[in-house]
Amino acid sequence: MINLRDKGASAWAGWNKPQRSIFAVLAIAAAALLPFAGNFSFTSILNTPISSYADVLVYPVGMFVLMALGLNIVVGKSGMLDLGYVAFFAIGAYTMAILGTHTSLNTWEILPIGIAFAMIAGVLLGIPSLRLRGDYLAIVTLGFGEIVRIIALNTMKIGGPNGIANIPNPPSVFGIDFNIMTPNSFYWLVLVLILLTIWMIRRLSVRRPGRAWEAIRQDEDAAELMGVRTLRYKIWSFVLGAGVGGAAGVVYASKAIYISPDAFTFNISVLILSCVVFGGIGNIWGVVLGGVFLAYLPERIRFISNARQLVFGLTLIIIMNFRPDGILPRKKREKPLKSQEKSGAANV
Amino acid sequence: MHTLISQFWQLSFSGIAQGFIYVLISLGYTMVYGVLRMINFANSEIFMVGTFATVVMTRDVLNHPANSGDLHGFTLIFTMVACLIASMLASGGIAMLVELIAYRRLRSRGTNRLAPLISAIGISIVISESVSLMTAGRAVPAPEVLHKTSLVTLLGANIRVDQLMVVIVAPLMFFFLQYFVNNTRLGKGIRAVSMNEETAKLMGINLNRVISATFLIGGLMTGAAAFFFETVYESTKFNIGFSLGLAAFTAAVLGGIGNIRGAFFGGLFLGLLETYASAVLGSQWKSITVFVVLIVVLLFRPNGLFGEAVQQTRV
């Protein structure tokens, strides 16, 4: 099979600095112009039936890419299986909803608070549970996701099953308005968050935390013996992932105006994990591609309404069987030894 | 708290009956985990297919109308046995199909451990969506086969006939399974693969056959649980497997996943805990109680209550 990632990487390596900058600027510009693609005849094939194309680009596409990048820090970089990622998304969204309706704070002021709350939740969950390995961690995180949802569902003070309505939109910045008529500005906001996350992951990957995560993923015991403070770095990766999820939640609540516990089910955790593994676990560009594809596909094929989930499931089976490392897998040298994975010693 | 004390024995009996249903479902998770070290994500859908097999068998094959609660003697026993077998075979068959489609190719290529998880998620979406399309997403009632009379009152608890059947038959199936895994040739093969796949292969064990058999056995047990569930609750839906599957998976982890005896005690513990928690805190908080207890247990015993290292009873 064609190795797209190696082709891309060698082309990138062959360029000098100005060429790279030009490519990056062009790529970002192309991404930023995506909402307009629905209007032209030759790109209108991208248009989604039934739901508005510009809205689809914000949620699910942009949000899923952002959350998949956040989850990728946990699952892809340090190799811990997290099945309750939706909890952090929910915490961010509820922070926005509660503070937005009860205080005079606006979205930009709540954004760091939401991120902080999600990160604190990450620490609180991480300190006891990150001592566990592999599938035990998976079930504990899954349980945490359900706990958050059920508390939201049964606490009448925060709306219970009815959720919270009338959440304020973000105020205008630099003359860009944020309201129900301007889905494009929300898309650009999510795009900025995605770019910041990518930048953060790329910087961390080449520094000490990135190397520590890599060591933990390949062999946790060996990493510990070599003096890597495994628990500390595991908590760090968990907390950073949680922060990204919290940011996504704040923006989501502020865009949707209304949230309810139904939006934060286990299915979302599974979908985000699918985006990560489907696109290419551990590889940023693969994860982005996976998020775009899996979020966009069900919306694009909405015209077959009932059967779209069926097609979604079939796509997962087929792609995983033929490209088990995802569409754009990570570099070979970053993969742990096959034999270790089979014996179950490695976490992922 | 008052309900808990005044109805303690009633709650305990219902909790044990519910616990045995969990025991059988969690065997579907624990058997597969013990052999492959992979979560059998599609087990909740395997359970769901079993419940529909029971409904189809009573309603369409044996032609019992919706309220034929007056089956007696031979007809009753024949209907029950036919439903049990149909449910077990349907679930067992689907489980083998899941192994074939979602796991086999990926396993032979020795890829990362998440790829089979995602393809299992894919197949469980496909199964539940197909059933959802066929039933238009509505709940399907099952004909009442066994009239739910109370047989005796013991320590103030009504011993209902359907729950009594679960409490008697489910442990029998469990002990039969344990005997099978510990004493038969295929059971030894399953244990060998669980201890060391490579060595088992060198000893001439047919890996594909053993793994297929593991899924089949897990599916059969899950199917039996589906039949018991239908006898007690008499309704099913395309997404019914999710919450039960989650609870059963929690039970398996609580006991120590991959450990057959762990599934037994984990399932019973969870059934009782859920029932007591519903009585004390209200049923909406029962899953929270379960997860909090799970997290606390794992803090002190990171491999579950009974651990993974019991080689004798390990799958």
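Residues numbered from 1 in each chain as written. Chains lettered and ligands numbered in written order. Predicted model: local features only at pLDDT ≥ 70, side-chain atom pairs only at ≥ 80, totals over all residues.

### With respect to the overall build of chain B
Helix and strand counts for chain B stand at twelve helices and four strands. Taking 315 residues into account, the globule formula puts the C-alpha radius of gyration at 20 Å, and chain B, at 19 Å, falls close to it. A principal-axis box enclosing the C-alpha atoms of chain B has dimensions of 55 × 45 × 35 Å. Across the 315 residues in chain B, those meeting the buried criterion constitute 51%. Restricting to contacts in chain B with at least 6 residues of sequence separation, those with at least 24 account for 79%. (Helix = DSSP H or I, 4+ residues; strand = E, 2+ residues; numbered from the N terminus. Rg over C-alpha atoms; globule rule 2.2 N^0.38 Å. Buried ≥ 20, exposed ≤ 12 C-beta atoms within 10 Å, placed from the backbone. Contact = placed C-beta atoms within 7 Å.)

### Things to note about the confidence of the model for chain B
For chain B, the mean per-residue pLDDT works out to 86, and 94% of the residues sit at or above 70. Low confidence marks residues 309-315 of chain B, where pLDDT is under 50. Its contacts with residues over four positions away, or in another chain, come to 21 contacts. (pLDDT = per-residue confidence, 0-100.)

### Section: the packing of helix α13 (residues 308-322) of chain A against helix α5 (residues 114-134) of chain B
Contact pair α13 of chain A / α5 of chain B: the axes reach a minimum separation of 8 Å and the direction vectors enclose 155°. Of the possible angle classes, the one that applies to α13 of chain A and α5 of chain B is roughly antiparallel. α13 of chain A and α5 of chain B meet at a crossing whose hand is left-handed. In this structure, α13 of chain A uses Q309, L310, F312, G313, L314, L316, I317, M320 and N321 of chain A to contact α5 of chain B, whose residues at the interface are A115, I118, S119, I121, G122, I123, I125, V126, E129 and S130 of chain B. (Axes fitted to C-alpha atoms, helices over the stretch in contact; angles between N-to-C directions. Parallel < 35°, antiparallel > 145°, perpendicular 65-115°, else oblique. Left-handed = near helix turned anticlockwise from the far one by under 90°.)

### What about the interface of chain B and chain A?
Listed as interface residues are 37 residues of chain B and, on the opposing side, 36 residues of chain A. Secondary structure elements with two or more residues in the side of chain B that touches chain A: α4 (73-109), α5, α10 (241-255) and α12 (286-300) of chain B. Examining the composition of the side of chain B that touches chain A, we find that twelve residues originate from one element, α5 of chain B, more than from any other. Its residues assigned to classes, the side of chain B that touches chain A comprises 23 nonpolar, nine polar and five charged. (Nonpolar A, V, L, I, M, F, W, Y, C, P; charged D, E, K, R; others polar.)

### Details of the pairing of strand β2 (residues 150-154) of chain B
Burial within β2 of chain B is sparse, with just zero of its five residues counted as buried. Linking β2 of chain B to strand β3 (residues 157-160) of chain B, which pair antiparallel, is a turn of two residues; within it L155 of chain B sits at a positive phi near 55°. (Pairing = 2+ DSSP bridges.)

### Some thoughts on the nonpolar core
Core analysis: the biggest nonpolar cluster contains 197 residues, and M67, V190 and I272 of chain A together with L24 of chain B have the highest contact counts within it. If one sorts the elements of this core by residue count, helix α3 (residues 53-77) of chain A sits on top with 18 residues. In this structure M67 of chain A touches Y85, F89, V244, G245, A248 and I272 of chain A, once residues within four positions along its chain are discounted. (Core = buried A, V, L, I, M, F, W, Y, C linked by C-beta atoms within 7 Å.)

### As for the environment of G70 of chain A
Relative to the elements of secondary structure, G70 of chain A occurs in helix α3. Among the residues examined, G70 of chain A registers 30 C-beta atoms within 10 Å and is labelled buried.

### Focus: unusual backbone geometry
The omega angle of the peptide bond from Y59 of chain A to P60 of chain A is 10°, so this bond is cis rather than trans. Residue position: P60 of chain A is located in helix α3. With phi around 60°, R37 of chain B is a residue other than glycine that occupies positive phi space. Note that R37 of chain B resides in the loop between α2 (8-36) and α3 (43-61).

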